Amino acid sequence: MGPPIAPRSAQMSIIAALFVVVLLFGSLCDAFYLPGSYMHTYPEGADLTVKVNSLTSIETELPFSYYSMPYCRPTKGPKKSTENLGELLMGDEIETSPYLFHMNKNESLYLCTSKPLNEHEVKILKQRIDDLYQVNVILDNLPAMRYTEQNGITIKWTGFPVGFVSDQEKNHYIINHLQFKVLVHEYEDPGFTLIGAGDEGMGMAPETDKSKKKSGFEVVGFEVVPCSVKRDPADMSKHKMYDIVSSVQCGQEMQQVIKEQEQITFTYEVSFVKSDIRWPSRWDAYLKMDGARVHWFSILNSLMVISFLAGIVFVIFLRTVRRDLTKYEELDKEAQAQMTEELSGWKLVVGDVFRAPNHPKLLCVMVGDGVQITGMAAVTILFAALGFMSPASRGMLLTGMILLYLFLGIAAGYVAVKMWRTIQGDSAGWRSVAWSVACFFPGIVFLILTILNFILWGSHSTGAIPISLYFILLSLWFCISVPLTLLGGFMGTRSEAIQYPVRTNQIPREIPARKYPSWLLVLGAGTLPFGTLFIELFFIMSSIWLRRFYYVFGFLFVVLILLVIVCAEVSVVLTYMHLCVEDWQWWWKSFFASGSVALYVFLYSINYLIFDLRSLSGPVSAVLYLGYSLIMVLAIMLSTGTIGFLTSFYFVHYLFSSVKID
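Predicted, not measured: the structure shown is a model, and the values here were computed from it. Every residue gets a number counted from 1 within its own chain, in the order that chain's sequence is written. At least 70 in pLDDT is required for a residue's local features to be given in this predicted model, at least 80 for side-chain atom pairs to be given and counted, and no such filter applies to totals for whole chains, interfaces and linings, which use all residues. Note: side-chain values were computed over all heavy atoms of the structure, leaving out hydrogens and water.

Visitor: Explain the overall build of the protein to me, please; I cannot follow it from the model alone.
Guide: Scanning the protein from N- to C-terminus turns up 18 helices and 16 strands. Note on exposure labels: buried denotes an accessible area under 20% of the residue type's maximum, exposed denotes more than 50%, and partly exposed covers the range between, all computed with a 1.4 Å probe on protein chains only. Relative to its 662 residues, the protein shows a buried fraction of 50%. The contact criterion used is simple: two residues touch if any of their non-hydrogen atoms lie within 4.5 Å. Put simply, of all contacts in the protein between residues at least 6 apart along the chain, 84% involve residues at least 24 apart. Per-residue and other accessible areas were derived by the Shrake-Rupley procedure at a 1.4 Å probe size, with only the shown protein chains allowed to occlude residues. Accessible surface computed for the protein: about 33,000 Å², of which carbon and sulfur atoms make up 62%. In DSSP terms, a helix is any run of H or I states spanning at least four residues, a strand is any run of E spanning at least two, and both are numbered starting from the N terminus.

Structural data, given as structure tokens:
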């Protein structure tokens, strides 16, 4: 019997939905704008505009706008830069600043003198300093780097603090003078020109006329030294913005204290230094990880141990199953019948092993979402490992993940509906399954983000998602993800259903009582996949919550491959163990055997919050951390659970198709 044919109205609705997808995708291209990492060359004396990003802190994880502080503003007011979807979701708010450089011109300039500080401004400044907020400035897409010495070790930071507190007087001081150092590399265009080569086509030759060659300077480094300097506001107010002022020596001047009715003068210096660093290598200073040998050795050691243990378990398991099959197939039919009555184990559940599980629709939905998340993670990490997602393009990683998730809805709908057809025996209710796949995981994520967004709105943080972005996300969800998932589900109804190799009995077989609950073994199985993940998980969480760059995606891709292998092996082994004790309810257990790694990830997240994020202050920050951790844990559970379930399903199908039992 062939697959059922969908009504013509369903086909027309899918075609109409796809047409809407095309129109909407074209109208939303601006939301996916990716800032390029193209090389910029500047001639001598060219204007260089410094931009500012949101103020950030590892204590609160609440970003705030730069101009929420009493800082100087550009003469024509700040202008927001075009940001992509990933930047907006991460809370970035990049704006123009009053800092202006001229290529290869060392200067010491005056910016402005603030009005007398009122009580509210003093309170905000002191609060931001106590919460260790950092000011993030950007030049030619490079964040400013700051170096500090602690116990003889040089530590690299991005950005500079709002201020500091003196140890003796307990006064708060503001950073009001910046010493910038711009590293530049002199660039000269070789000036190739196209020449004719007769019948052989076109060729290239170097330009001989030097006047036609283009030359300039590339920005290959950006460093800052923050200072607090007390200046006479009455004297400095006579200057206009960008007037030349005397330079200062940081640490040798009187510092600017924060108190009511105090006027603060802001100045800056800039110096240009020629460097041998070339433009393609300018991010190396940011991406170089301290303790790289320990990082690499730990990961390699973990991979070797987990691979060795999983290999031993899998080899023993293969030998056991092969021996059972060989022994069974060597008997004649009469002996097989007698053996079936005498033996116990997985051979006795042949009439129940493919009995429909409890809540089959929920299982199909979770498997479909797991396929979508796994595909998104694998492709994203692979592209990042190959260098297609440079840190120079802010928000590109998150934007790429969202795009991949949207278009992988086809695979999610296809797998979920095909599994539904396999379990139910027909396609009835496939639309409900496809709709549930499209709404289950995104719905939970959207609910958590909405709750967190109300908290961010209440805190007046730039991390809050604007209403316009909410509508964009909803449009992407219902006008792209949902139609593509329905299309995948429709394709699943047209594909050939998976046929069970054995028939299912009408009366279910009683499962023998066990000394210990089977779920205890299932939850314990997650420790092995967690062993492959936890070291890399530490570095990933540090990059997210401690504002560190993470760019060892090659190792992450290797860890992902090993995680997939271990999840598959663990789930298959536990499925076989359950079948050997005549427990035919393996469907959900195979899912959670590998999916239980999410429980250990969540426990590790709590451990990281308590011991590694001790500086995190306030219940708001803790709620934000736990909310985002729940999203990560849910995604890991769906992904690893799907890997284990699909592997176990095809193993059970292969195992019982190898045994001819009537």
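Visitor: Explain helix α16 (residues 587–595) to me, please; I cannot follow it from the model alone.
Guide: Since the α-helix advances by 3.6 residues per turn, residues separated by three or four positions end up pointing in the same direction. Within α16, 8 of the 9 residues are buried, leaving the element largely enclosed by the surrounding structure. Regarding α16, the residues found buried are Trp587, Trp588, Lys589, Ser590, Phe591, Ala593, Ser594 and Gly595. Tucked into the core, α16 has its buried residues touching α8 (360–385), α10 (409–424), α13 (518–524), α15 (553–580), α17 (597–611) and α18 (619–657).

Visitor: I would appreciate a short explanation of the state of the cysteines in the present structure.
Guide: Note on terminology: a disulfide is the covalent bond linking the sulfur atoms of two cysteines. In plain terms, two cysteine sulfur atoms within 2.5 Å form what is called a disulfide here. Applying the stated criterion across every chain, the model contains 2 disulfides. A disulfide bridge connects Cys72 with Cys112, and the sulfur atoms are separated by 1.8 Å. Between Cys72 and Cys112 the disulfide shows an S-S torsion of about -85°. By sign, it is left-handed. One end of the pair, Cys72, is in the loop between β1 (47–52) and α2 (85–89); the other, Cys112, is in strand β3 (residues 107–113), with 40 residues separating them in the sequence. Residue classification places Cys72 among the buried positions, given a relative accessible area of 3%. On the basis of relative accessible area, Cys112 is assigned to the buried category, the value being 18%.

Visitor: Would you explain the packing of α15 against α16 in this entry?
Guide: Two quantities define a packed helix pair, namely the angle between the axes and the distance from one axis to the other. An axis is simply a line fitted to the C-alpha atoms; with a helix, the fit covers only the stretch in contact. Between two such axes, the angle follows the N-to-C directions and lies from 0 to 180 degrees. Direction vectors running N to C along α15 and α16 enclose 140°, while the axes themselves pass 8 Å from each other. With respect to α16, the axis of α15 lies oblique. Remark: the crossing between α15 and α16 carries right-handed chirality. Every residue of α16 that contacts α15 at Cys567, Val570, Ser571, Leu574, Thr575 and His578 is listed here: Lys589, Ser590, Ala593 and Ser594. Any angle between 65 and 115 degrees counts as roughly perpendicular, while under 35 counts as roughly parallel, over 145 as roughly antiparallel, and the rest as oblique. Left-handed describes a crossing whose near helix is turned anticlockwise from the far helix through less than a right angle; right-handed describes the clockwise counterpart.

Visitor: When you look at the packing of helix α11 (residues 430–458) against α18 in this model, what are you seeing that I'm missing?
Guide: Between α11 and α18, the least distance of the axes is 10 Å, while the angle of their chain directions is 170°. In terms of orientation, α11 and α18 fall into the roughly antiparallel class. Contacts between α11 and α18 involve Phe440, Phe441, Ile444, Val445, Ile448, Leu449, Leu452, Ile455 and Leu456 from the first element and Val620, Val623, Leu624, Gly627, Tyr628, Leu630, Ile631, Leu634, Ala635 and Leu638 from the second. Amino acid classes used here: Ala, Val, Leu, Ile, Met, Phe, Trp, Tyr, Cys and Pro are nonpolar; Asp, Glu, Lys and Arg are charged; the rest, including Gly, are polar. Taken together, the residues of the contact of α11 with α18 sort by class into 18 nonpolar, 1 polar and no charged.

Visitor: Is there a simple way to explain the environment of Glu510 in this structure?
Guide: Relative to the helices and strands, Glu510 resides in the loop between α12 (467–494) and α13. The class for Glu510 is exposed, based on a relative accessible area of 70%.

Visitor: Quick question: what am I supposed to make of unusual backbone geometry here?
Guide: Note: most peptide bonds trans; most residues except glycine with negative phi. Phi is positive for Tyr242, which is not a glycine, with a value near 75°. As for its position among the elements, Tyr242 is in the loop between α4 (233–236) and β16 (265–274). With phi around 65°, Glu582 is a residue other than glycine that occupies positive phi space. As for its placement among the helices and strands, Glu582 is situated in the loop between α15 and α16. Exposure remark for Glu582: the relative accessible area of 13% places this residue in the buried category.

Visitor: Before we go on, may I ask you to explain the packing of aromatic side chains in this structure?
Guide: To describe a pair of aromatic rings, you give the distance between the ring centres and the angle between the ring planes. Here a Phe, Tyr or Trp ring, Trp counted by its six-membered ring, pairs with any other such ring whose centre lies within 6.5 Å, and the pair is stacked when the planes are under 30 degrees apart, edge-to-face when over 60, and tilted otherwise. The tally for this structure, following the rule as stated, stands at 42 aromatic pairs. Ring centres 6.3 Å apart and planes at 35° place the aromatic pair Trp457 and Tyr470 in the tilted group. Residue Trp457 is located in helix α11, and its partner Tyr470 is located in helix α12; the two are separated by 13 residues in the primary sequence. When the centroid spacing of 4.6 Å and the interplanar angle of 25° are considered together, the rings of Trp477 and Phe478 count as stacked.

Visitor: Please clarify how the pattern of salt bridges should be interpreted in this entry.
Guide: When charged atoms on two side chains of opposite charge get close, those side chains can pair. Any carboxyl oxygen of Asp or Glu within 4 Å of a side-chain nitrogen of Lys or Arg constitutes a salt bridge here. One pass over the structure, following the stated rule, counts 8 salt bridges. As a salt-bridge pair, Glu93 and Lys80 come within 3.9 Å of each other at their nearest N and O atoms. Separated by 13 residues along the polypeptide, Glu93 in the loop between α2 and β2 (95–102) and Lys80 in the loop between β1 and α2 bring together distant segments of the chain. Using a relative accessible area of 17% as the deciding quantity, one classes Glu93 as buried. Its salt-bridge partner being Lys105, residue Glu107 comes within 3.7 Å of it at the nearest N-O pair. Under the relative-accessibility criterion, Glu107 is labelled buried at 12%. Overall, Lys105 belongs to the partly exposed group, its relative accessible area being 44%.

Visitor: Looking at this structure, how should I read the nonpolar core?
Guide: The tendency in soluble globular proteins is for nonpolar side chains to be buried as a group. One finds Phe101, Phe180 and Phe222 to be the most contacted residues of the largest nonpolar core, which totals 149 residues. A total of 16 residues in this core trace back to one element, the largest contributor, which is α18. The start and end points of each domain follow an automatic or database-based domain assignment. Two domains share this core, each providing at least three of its residues, namely domain 1 (46–189 + 213–286) and domain 2 (292–330 + 358–499 + 521–658). Look past the residues within four positions of Phe180 in its chain and what remains in contact with it is Tyr99, Phe101, Val137, Phe222, Glu223, Val224, Tyr268, Glu269, Val270 and Ser271. Note on terminology: a nonpolar core comprises buried Ala, Val, Leu, Ile, Met, Phe, Trp, Tyr and Cys residues joined through side-chain atoms within 4.5 Å. If you look at the next biggest cluster of nonpolar residues, it comprises 10 residues, including Ala384, Ile535, Tyr550 and Val552.

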